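Spelled out from the first residue to the last, the chains are:
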Amino acid sequence: LEQRGLLNRSFSTVPMFDLHPITRRYAYEHLADRKTVHIQLINYYKTVSKAQNVNSIVDLWPTIELYHNMNRTERYNEAVILFSNQLVHPLFNQLGVYQQIIELLHALFPEGEDKLPHLNDEAWQAWALNELALNYSLSGRPGAAVRLFQKSNEIDERRGAKKGMSISLGNLAYMAQIPIGALAEAAENLHRSIYFSNEI
């Protein structure tokens, strides 16, 4: 398989084997009990040590695989906590891989971005929407971020979460509305953000 380019291996930080995408899809489609396999993979990746030094996305591979397998078994609430605790900082702050973050966050939205993420806690729903919007903005698509920031803010407003409202209104204005030229709306949202900040 290696000689024919169907199996690749790397030993950068942890031994890593990866199938060619066509081979991987074929094998996955022929699994008899996918859920059991994903549960076994979750148990395996939970035992793999976390990367101490992150120099590339490859160093986060075991954690990303754990995240993927949690989503594939519909353990979205565990997946978002893992993502927040172990993936946001290195992916966003260290590596700046905004497109990869968008792709990873999409797993929390199995019905698409027009629907809420499959999370039980509204605070986490607002967080996931805000994170997705931030990464759209930073990857050059502020127009796509507007509605996500607005949905995040609607959840925080319904919850009476003034800190969340202040943050999401500020993000909406700075990260999405000003770049697309919606200056009147941006000014209004910045005033509201300041108001809630002062209240806090």
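Everything discussed here concerns the structure shown above.
Our subject in this report is the structure included herewith. Sequence order as written defines the numbering, with residues in each chain counted from 1. Only residues with pLDDT of 70 or above have their local features reported here, since the model is predicted, and side-chain atom pairs are shown and tallied only from 80 upward, although totals for entire chains, interfaces and linings are computed over all residues. Hydrogens are left out, water is left out, and the side-chain values use all remaining heavy atoms of the structure.

**Considerations on the pattern of salt bridges**
Applicable threshold: The term salt bridge refers to a side-chain nitrogen of Lys or Arg lying within 4 Å of a carboxyl oxygen of Asp or Glu. Strands are runs of DSSP state E lasting at least two residues, helices are runs of H or I lasting at least four, and both sets are numbered from the N terminus onward. Relative accessibility thresholds used throughout: buried, under 20% of the residue-type maximum; exposed, over 50%; partly exposed, between the two (1.4 Å probe, protein chains only).
Applying the stated criterion to the full structure yields seven salt bridges. In this structure, D156 and R159 form a salt bridge, with 2.9 Å as the shortest nitrogen-oxygen distance. Pair noted here: D156 and R159 are both in helix 7 (residues 142-159), with a separation of three residues, about one helical turn. Given a relative accessible area of 38%, R159 falls into the partly exposed group. Taken together, the shared-partner salt bridges in this structure form one network comprising E113, D114 and R147.

**Describing the packing of aromatic side chains**
Our working rule: Between the rings of Phe, Tyr and Trp (Trp by its six-membered ring), a pair exists once the centres lie within 6.5 Å; its type follows the angle of the planes, with under 30 degrees stacked, over 60 edge-to-face, and the other angles tilted. For a lysine, the NZ atom is tested; for an arginine, the CZ atom; a charge sits over a ring if that atom is within 6 Å of the ring centre and within 35 degrees of the ring normal.
Enumeration according to the criterion identifies seven aromatic pairs in this entry. Centre to centre, the rings of Y44 and Y45 are 4.9 Å apart; their planes meet at 70°, and the pair counts as edge-to-face. Residue class for Y44 comes out partly exposed when judged on its relative accessible area of 47%. Taking the centre distance of 5.7 Å and the plane angle of 90° together, the rings of Y45 and W61 count as edge-to-face. Of this pair, Y45 sits in helix 2 (residues 34-47) while W61 is found in helix 3 (residues 61-72), placing the two residues 16 residues apart along the sequence. Geometry around Y28 places R72 over its ring, the cationic atom sitting 6.0 Å from the centre.

**Quick word on helix 3**
Spelled out, the test is: Under the convention used throughout, the expected extent of a helix is 1.5 Å for every residue step, that is, one less than its residue count.
Look at helix 3: 16 Å from first C-alpha to last across twelve residues, which is about the 16 Å you get at 1.5 Å a residue. Burial analysis of helix 3 places nine of its twelve residues in the buried class, the great majority of the element.

**Observations regarding the packing of helix 6 (residues 122-138) against helix 8 (residues 162-180)**
Stated formally: Only the stretch in contact is used when fitting a helix axis, every axis being a line fitted to C-alpha atoms; angles between N-to-C directions are given from 0 to 180 degrees. Roughly parallel means an angle under 35 degrees; roughly antiparallel, over 145; roughly perpendicular, 65 to 115; everything else is oblique. Working rule for handedness: look at the near helix, and if it is turned counterclockwise from the far one by less than a right angle, call the crossing left-handed; if clockwise, right-handed. By definition, residues are in contact when any of their heavy atoms lie within 4.5 Å. Amino acids are sorted into nonpolar (Ala, Val, Leu, Ile, Met, Phe, Trp, Tyr, Cys and Pro), charged (Asp, Glu, Lys and Arg) and polar (every other residue, Gly among them).
Between helix 6 and helix 8, whose axes approach to 10 Å, the crossing angle comes to 15°. One way to sum up the angle between helix 6 and helix 8 is to call them roughly parallel. The interaxial crossing formed by helix 6 with helix 8 has left-handed handedness. Across from N130, L134, S137 and L138 in helix 6, the residues of helix 8 making contact are S168, N171, M175 and A176. Of the residues belonging to the contact of helix 6 with helix 8, the class tally is four nonpolar, four polar and no charged.

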